[in-house]
Structures are given as structure tokens and as C-alpha cells.
Amino acid sequence: MTTTRLAAALAAAVFALAAGPGAASAAGPLDDPAFPKVITCAACHGANGNSRTDMMPILAGLDPAYFKRQIENYATGKRPSPEMEPYAKQVQFLGLDEIAAYFAAQKRQPTPFRPAVEAVAKGKATAAQCVICHGPDGKGDAARLIPSLAGQPPGYLAQQMLLFKQDTRDPGDPLLAAKKALMRIIPDGQFPELAAYYSSLR
Amino acid sequence: MSGLTRRDFLRASGIGVGLGLGLAGCAATTTGDIAPKSGRRVVVIGGGWGGSTAARYLRMADPSIEVMMLEPNREFISCPFSNLVLSGQRTIESLTLSYEGLRNRGVKIINETATAIEPDTKRVRIGQGYVAYDKLVVSPGIDFQWEQVEGLAAAKDTVLHAWKAGPQTVELARQIQSMPDGGVFVLTVPPVAYRCPPGPYERICQVAWYLKNNKPKSKVIVLDANQNIVSKTALFRAAWQAYPNIDYRASQKVIGVDTSTREVRTEFDRVKYDVLNLIPPQRAGAIAVQADLVGADKRWCEVSHVTYESVKQKDIHVIGDSTIGLPVPKSGNVANNMGKAAALSIVSLLNGKPVPLMPPGNTCYSWVSDKEAIAVVNAYKIENDKVVQIEQKLTPAQSVSVAQRAESWRQSIWADMLS
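Rules behind the numbers
Residues numbered from 1 in each chain as written. Chains lettered and ligands numbered in written order. Predicted model: local features only at pLDDT ≥ 70, side-chain atom pairs only at ≥ 80, totals over all residues. Helix = DSSP H or I, 4+ residues; strand = E, 2+ residues; numbered from the N terminus. Buried ≥ 20, exposed ≤ 12 C-beta atoms within 10 Å, placed from the backbone. Contact = placed C-beta atoms within 7 Å. Nonpolar A, V, L, I, M, F, W, Y, C, P; charged D, E, K, R; others polar. pLDDT = per-residue confidence, 0-100. Domains from an automatic or database assignment. Pairing = 2+ DSSP bridges. Expected span 1.5 Å × (residues − 1).

**Here's the deal with the environment of B:Lys232**
All names here are of chain B. If you trace the backbone, Lys 232 turns up in the loop between strand E13 (219-224) and helix H9 (233-240). A tally of 23 C-beta atoms within 10 Å means that Lys 232 is categorised as buried. Residues Lys 232 and Pro 360 lie 128 residues apart in sequence; the distance between their C-alpha atoms is 20 Å. Non-local contacts of Lys 232, meaning those with residues more than four positions away in its chain, are made with Pro 198, Ser 366, Ile 374, Val 376 and Leu 394.

**A look at the interface of chain A and chain B**
Facing 30 residues of chain A, the contacting portion of chain B comprises 43 residues. Sorting the residues of the side of chain A that touches chain B by element identifies helix H2 (42-45), helix H4 (84-94) and helix H8 (154-165) of chain A as the ones contributing at least two each. Tallying contributions element by element places H4(A) first for the side of chain A that touches chain B, with 6 residues. Here the side of chain A that touches chain B is composed, by residue class, of 15 nonpolar, 10 polar and 5 charged.

**Some points on the confidence of the model for chain A**
Confidence in the prediction for chain A averages 89 pLDDT; 86% of positions are at 70 or higher. Contacts from residues 1-26 of chain A, a stretch scored under 50 in pLDDT, to residues over four places away or in other chains number 13 contacts.

**Quick look at the domain arrangement of chain B**
Residue and element names in this part refer to chain B. Its domain assignment divides chain B into domain 1 (13-143 + 283-358) and domain 2 (145-281). Each partner contributes to the interface: domain 1 provides 23 residues, whereas domain 2 provides 23 residues. Here the side of domain 1 that touches domain 2 is built from residues that sort into 12 nonpolar, 8 polar and 3 charged.

**A short note on the pairing of strand E24 (residues 373-383) of chain B**
Residues and elements named next belong to chain B. E24 sits mainly inside the fold: 8 of its 11 residues count as buried. Sheet analysis places strand E23 (residues 361-367) next to E24, joined by 7 bridges and oriented antiparallel. Across the sheet, the residue bridging to Gly 361 is Ala 379, located in E24. The hairpin formed by E23 and E24 contains 5 residues between the paired strands. As defined by bridge partners, E24 adjoins strand E25 (residues 386-394) across 8 bridges and the pair is classed as antiparallel. Bridge pairing links Ala 379 to Glu 391 in E25. Linkage of E24 to E25, two consecutive antiparallel strands, is achieved through a turn of 2 residues, within which Asn 384 is found at a positive phi near 50°.

**Points about helix H11 (residues 332-350) of chain B**
Spacing of three or four residues puts side chains on the same side of an α-helix, whose turn is 3.6 residues. Given a rise of 1.5 Å per residue, 19 residues ought to cover 27 Å, and the 27 Å separating the end C-alpha atoms of H11(B) matches this to within 8%. Counted residue by residue, H11(B) has 17 buried out of 19 residues, so it is predominantly covered.

Shown next as C-alpha cells:
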């Protein structure tokens, strides 16, 4: 072994030691200053905003402008939610822009719920009326603050459809008038099918 | 409790079996250093809502730190949702979870009880042996002040609290099911502060629902030490409209119990029972009292609102129901949030980084029937190193959709602690 190679080997060993226990923390989640700001969200919305349950929406991969609008609407009570109104104010306190950017940067893992094939097929037929806004792939239109529904949990989607129909989500919002008019002509019984379809999209 | 001896109860409950395993295990009989420390180590006392979360987030935030959790129970049993066992809506098995997820993250779990803390040498005693720590998380939950109720200390194995989900929950459900129609179920609510403020009132709903549907001549007498329903007051009052079998009596602090005459005694009255659920006054878990982490009242532990470090001992962080001084309820969700904040604080401190501000939140669902629930939500900020409430919101009414969200909350937060 030449002197150069020995030195290189020593250097490698020293580097390995430095990267071992004690210094490995350099690449931990704490290096993202937004991580400590979203730990409270994880109790309901899952690790990195990837909810695995039926009623809690997935925040991972949400368009940041849409996320911010929803937090503002929760905080003012325009989108009424006893659960989210206090937390929306906490998000504003901790830093809305930073938290919106954090969730937008997380890769969305679609809901683990696998609805029945027939429900998905029926929902797809009904969804023909929705593509004009939500797109043929359910990915929405960020420029118009229309969210991606693809892979969201079916229970959450169905509940939101009902809230739109009853005009209890963002009541009186003129931008949502057409959407709510559409919801009103779809029977309640079809919402779970429509939700099944959008939750199945990838 | 009719005809159930202490030995029968221990056998039925599995307490005796657990104790046997503990003594047969290695740690309790080992002397000296049970597991010599090679690198940086955090020891977590207690594997409940706070301790499990802390252990998980410590490993997530810095896998180079060794995490050792001391928890005598081999499985996790959820207190939230355990009132549904009393109405037959759920089984205890459906609330019992494995610690395997934490083990897979590298948490070393020792199924032993911490018997003492030595802050000067930074050691936790386990019987004759000890383990060393760099930082210690103490999450011992609550223990009971038996001496506050005359006759309770002698009868504590047969007078059920069912306030730590497990064998007592199952036994209380059995007693309610065995009670004759026309029997009287007495539930006593301790004075604040106690674990889970709305818990007794949710329990009243569940037992009243069960009796209404199965034993319509029976009734529920509630002896509440407090002046009114402590939490979600108007929502519980509304829910109780459906249960004329509830006889609620405020400001009735229980001061004695006599199992031979089947009576509980308040300052003003004697009340006969067929089945008794006496929830005793509470204090921080025994280890917190033993280690003198509690305040002058010998009940609860005061902590930093930022790092959860004890105000009395350096490098010891206390979380969950045993804390006092923050404007938060003693709830599972708060313990979960404290576990995260303590874990990330410790990782920051051990790595010489500034501690971020991590205010808690509380989402708390209560089941008022077999299908409907209510909720209260609190969010907080930190100002001048103190936790301050931003807002509290209640659901406008009980509903099935709140109950559906409660189910999702349960699944999600269990994963946030144990997966």
C-alpha cells in the first residue's frame, strides 16, 4: 500500500467515523425548519400529510395557493369546521406560507381505500359532468384554485360533496355557484360512487 | 363486587400473570448496569400516549440516538374509545395494539417498571439494576389518591375505576351486563384535575345507552365532585335528554365507600349501588412523585412550555397527564403533542441546535350514543415561552359525521404513536 493510498484509506475511515453515530443527525427531518411546524397536523393527517384514513384529507401534494385559501377560509369560519378553525389559526401563527410549501413538496401517496369496482364504474359515468373543472384525470386546475381529487380518501370526498350541496361549505361564494348547482342535481346516493371514482384515480 | 375475591380478580384480569413474567424476566433481578450505554441515549419511562409518541419521534428525528422505553405492559391499550367497551360497542381487543412498530424503528422496549430516578448520576433504577441516560422522558400517566376516599385503599382491588383501559374495563362491562334489570349503577366523578375531563360524561352516555336498551328499569346515579359537567357541558346536557335513566347530582364529592353495605358516602348523603364505578382523585404517576418531580401539592409536575423539561430537574422532560400549568386538558391528543415536542426538543439540545417552538393542539371526541359523537378542539400558540390558547371550538351538535371523523382520528393518531 502506497503512502497516498494509506492516506486515502485513513481519510475514508475518519470520514466514516464522522458520519457515524453522533453526526448522522445532519440529515434528519429537523433540518427542514417547517417540520416542527407540522407535527401537530400528523395526528389526523398522517405522516407528511399522507392521511391513511377515510375521513381525513391528504394534504401531501396540495397546490399551495389552494391550501392557503382553505386555511384562510377555515380561520374566518367561511368554511365552517369546529375541528379546523382553531388549527387554521395555529397554522397562521406558525407560518402559513412555509406550511403550505411544506405540504406541496410532499409526494402524495394515494388513499389505501380500495372501493368496489362497480362503484368506481358508476362514479366514472357521473363524473362526466365534473371533468370541465377537475379535468379528465381529476388533477384539477391550480390556476383556478381547483384542487386535485385524485387519490383522496372516499369518505372525505363524499362528505365535501354533501357540504357543497347543502351550501354549508363557503356559503354564498359566487365562484362555487356552478359547482353547487351541479351537486344539487346529483342524488345524495351517488356521492359515494363519485367519491369512489376520484379516490381510485392516480 | 359480588363473590369475586382478589385472587379471582387478579387471575381474570391477567395482572398476576403479568407480574409473574416481570419477576421471571431478566431486568428486575439484574444488579448493576442492565444495558451499558455506548452512544447517546434517551430513556422513556412509560409507553402510553405520550411516551410512545416521544420514543417514535426521537427515532424519526435522529436515528443515531439510542431510545430505551420502560413499560411494564406488553401491549398498548387505548383509553380513548374504551368507554365503548362498557356499552358493548367495542371489544378491548379492538383497542389493543402491538409495540412492534416502535421496535421496528429501533426502540428498545424493556417490559419493566421504573422504580426510581437518580438525577445526579443520570440513572433510572429498575429493581436492583439500572440504566443510564443522557436525557430522560417521564410519561407515567396518572395514579390514584386512594387515601382520599375512606375505605377505598382496602377495597381498591374490587371497587373498579376502569380509568386505565384494560382488565378493569372488561370487568366493569361484565358487571354492568350482569346487573339485574332495576339495578342501580353509581358512577363518581373526581374533582378536577383528572385524566380526560369529558371521559366520565362520555361513560355516563355509554352506560345509560346500554341500560336504556337492555335493562330499562335500571338507572345511572352520577355523583360529581364538581359543580357542573366539567367539559362539553351543553353538548352532554343535550345528549342526556335521550337518557331519562340518568340521575345527575353535582357537588357530591365521595368521601367513603363501604362494600359490605354496598354504599358510597358523600358529605351529605349515602347512596346504595348494585354496580359501582368509583373514579378516584388523581395525581401524577408514582415515579414522578417518587423522583420529586411534583410540586408542593405532591400531585402534578410543572414543566417548561417549550421543551417540557421539569422545572425541578435538569435533563428530565415530563409529558402527558402528569403535567400541570399549561392551559391544556389531560388528554391523549395533548400527550401525543407533548411527546413530539419533547422528542424534537431533546434531539435539538443533544445536537446543539436551537429548540423550535411547537405549540400543542387538542382534538377530543366523545361518543354520546352507539352512533353519534361530539367534539371539542383547542389550538395553542407560544408567547414569551408560555403556551397560550388561541381558540376553543365545539361541534354545534352531536352527529354521525362527527363520529365518522372520530373513527378516522383514532386510526390516524394510533399510527402517529405506534407505527
